[in-house]
Amino acid sequence: METEAQKLELCCGDAGESNSSAAGKALEMDQLHEDSDISQASVSNGGDSETGKELVELKIIWNKNKYDVKFPLDSTGADLKEKIHSLTGLPPTMQKVMFKGLLPEEKTLREIKVTNGAKIMVVGSTINDVLAVNTPKEAAQQEVKSEENKKEPLCRQKQHRKVLDKGKPEDVMPSVKGVQERLPTVPLSGMYNKTGGKVRLTFKLEQDQLWIGTKERTEKIPMGSIKNVVNEPIEGHEDYHMMAFQLGPTEASYYWVYWVPTQYVDAIKDTVLGKWQYF
């Protein structure tokens, strides 16, 4: 028979093992809860980098592709170009971004009044395409500059004097000398073409087209097909320019427009040719 001391020793041993097992399980459960809390914290902390920022919903359209994007309203045009780069692969310097004209890089989306659902048009090509297009354009520009240096000022040439001698049109849009402005939301109107007829320019940015309208008809010209744009201030009226769009390979293809308000000249050239041509 077992002694009382032996029985007591066995009972204590069983109780110790039971208590130790329970304590181990409790520690394991505590560790699981702690790991779960850490995992949940890491997920919630890493999710929304735009917390606290006011976002605007945009529809970015490039090369027949559409991207629905939520973007901080106080980000700049340059920031948006970086976002477009991440979506399309187009480097910022290769992008022509349109929102009511060429998108200014230094201003915020709030400053240029971008609202929910706004369409942002993007025009751009691969570096190989740009090099193929730029080479003939640059050659054409050099040829034009060389010819201009040999000739008298454009506004003194006989073909232009016929139109300029008519004087400034009464309904031409007002000019602001010494100021550069973005293209207006309405067509540029009240100007003359080379025959002395009234002409208006409409910039259809969503279609990347320039519409040249007269009383008789409207020509819809893809901006990518315009080889060059030249301009010169009108003597005695330097707040207005005469401007030509080169629609073909030679000077004979120039479409002349007279009495273009000077504040829109740079915006017209940037919109038609695109800033990326200089890179």
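Predicted, not measured: the structure shown is a model, and the values here were computed from it.

### Some words on the overall build of the protein chain
Helix and strand counts for the protein chain come out as five helices and 11 strands. Long-range contacts, defined here as pairs at least 24 residues apart, represent 53% of the contacts in the protein chain between residues at least 6 apart. Of the accessible surface of the protein chain, which amounts to about 16,900 Å², a share of 51% is contributed by carbon and sulfur atoms.

### Considering the side chain of Gln95
Among the secondary structure elements, Gln95 is positioned in the loop between helix H2 (77-88) and strand S3 (96-98). Its relative accessible area of 3% is what places Gln95 among the buried residues. A distance of 3.1 Å separates a polar side-chain atom of Gln95 from the backbone oxygen of Lys81.

### Here's the deal with the packing of aromatic side chains
Throughout the structure, instances matching the rule amount to three aromatic pairs. Note on Tyr240 and Trp259: the rings are 5.7 Å apart at their centroids and 65° apart in plane angle, and the pair reads as edge-to-face. You can see Tyr240 sitting in strand S10 (residues 237-246) and its partner Trp259 sitting in strand S11 (residues 254-261), a full 19 residues away along the chain. Given the relative accessible area of 1%, Trp259 is considered buried. With a centroid separation of 5.9 Å and 65° between ring planes, the pair formed by Tyr254 and Trp256 is classed as edge-to-face. Tyr254 gets classed as buried once you look at its relative accessible area, which sits at 8%. Owing to a relative accessible area of 8%, Trp256 belongs among the buried residues under this scheme. Aromatic rings pair up to connect Tyr254, Trp256 and Tyr258 into one cluster.

### Describing the pairing of strand S4 (residues 118-123)
In the sheet, strand S1 (residues 55-62) pairs with S4 via five bridges, with the strands oriented parallel. Opposite Trp62, over in S4, you have Val122 as the bridge partner. The pairing of S3 with S4 spans three bridges and is antiparallel. Looking at S4, one finds that Lys96 is bridged to Val123.

### Topic: the sheet that holds strand S6 (residues 198-204)
Pairing is antiparallel across the open sheet formed by seven strands, whose spatial order is S8-S7-S6-S5-S11-S10-S9. A single partner strand is all that each edge strand has here, and the edge strands are strand S8 (218-222) and strand S9 (228-234). Strand-to-strand twist of the sheet, defined as the mean angle between neighbouring strand axes without regard to direction, takes the value 30°. Relative to S10, S9 runs antiparallel, the two being bridged by seven bridges. Counted as the bridge partner of Val229 is Phe245 from S10.

### As for unusual backbone geometry
The phi torsion at Lys100 lies on the positive side, around 55°, for a residue other than glycine. Within the secondary structure, Lys100 is located in the loop between S3 and S4.

### Overview of the nonpolar core
Counting residues in each nonpolar core, the largest one holds 44 residues, and the members touching the most others are Leu201, Phe203, Phe245 and Ile268. Listed by contribution, the elements that provide at least two residues to this core are helix H4 (158-164), strand S5 (188-193), S6, strand S7 (209-213), S9, S10, S11 and helix H5 (265-273). Examining the composition of this core, we find that seven residues originate from one element, S11, more than from any other. If sequence neighbours within four positions are ignored, Phe245 has contacts with Leu201, Leu210, Ile226, Asn228, Val229, Ser253, Tyr254, Tyr255, Val257, Ile268 and Val272. Counting residues in hydrophobic clusters, the runner-up holds 19 residues, among them Ile60, Leu73, Leu103 and Ile112.

### Some points on the sheet that holds S1
Taken in spatial order, the four strands line up as S2-S1-S4-S3 in an open sheet, and their pairing is mixed. The two strands at the open ends of the sheet, each matched to only one other strand, are strand S2 (65-72) and S3. With direction set aside, neighbouring strand axes in the sheet form an average angle of 30°. For S1 and S2, the ladder comprises eight bridges, and the chain directions are antiparallel. In the strand pairing of S2, Trp62 is matched with Asn65.

Thresholds applied
- Note on numbering: residues in each chain are counted from 1, in written sequence order.
- Only residues with pLDDT of 70 or above have their local features reported here, since the model is predicted, and side-chain atom pairs are shown and tallied only from 80 upward, although totals for entire chains, interfaces and linings are computed over all residues.
- Side-chain metrics rest on all non-hydrogen atoms present in the structure, leaving aside hydrogens and water.
- Helical segments are the DSSP runs of H or I of at least four residues, strand segments are the runs of E of at least two, and each set is numbered from the N terminus.
- Contacts are assigned to residue pairs that have any heavy atoms within 4.5 Å of one another.
- Note on areas: Shrake-Rupley with a 1.4 Å probe; residue coverage comes only from the protein chains shown.
- Accessible area is worked out with a 1.4 Å probe on protein chains only. A residue is then buried under 20% of its type maximum, exposed over 50%, and partly exposed in between.
- N or O atoms within 3.5 Å of each other form a polar contact, as long as, within protein, one can give a hydrogen and the other can take it, and as long as residues adjacent in sequence are counted only when both atoms are side-chain atoms.
- Two rings from Phe, Tyr or Trp (for Trp, the six-membered ring) form a pair when their centres sit within 6.5 Å of each other. Planes less than 30 degrees apart are called stacked, planes more than 60 degrees apart edge-to-face, and all others tilted.
- A pair of strands counts as paired when DSSP detects no fewer than two bridges linking them.
- Lines fitted to C-alpha atoms define the axes here, with helix axes fitted over just the stretch in contact, and angles between the N-to-C directions of these axes take values from 0 to 180 degrees.
- Definition of nonpolar core: a set of buried residues of the types Ala, Val, Leu, Ile, Met, Phe, Trp, Tyr and Cys, connected through side-chain atoms within 4.5 Å.

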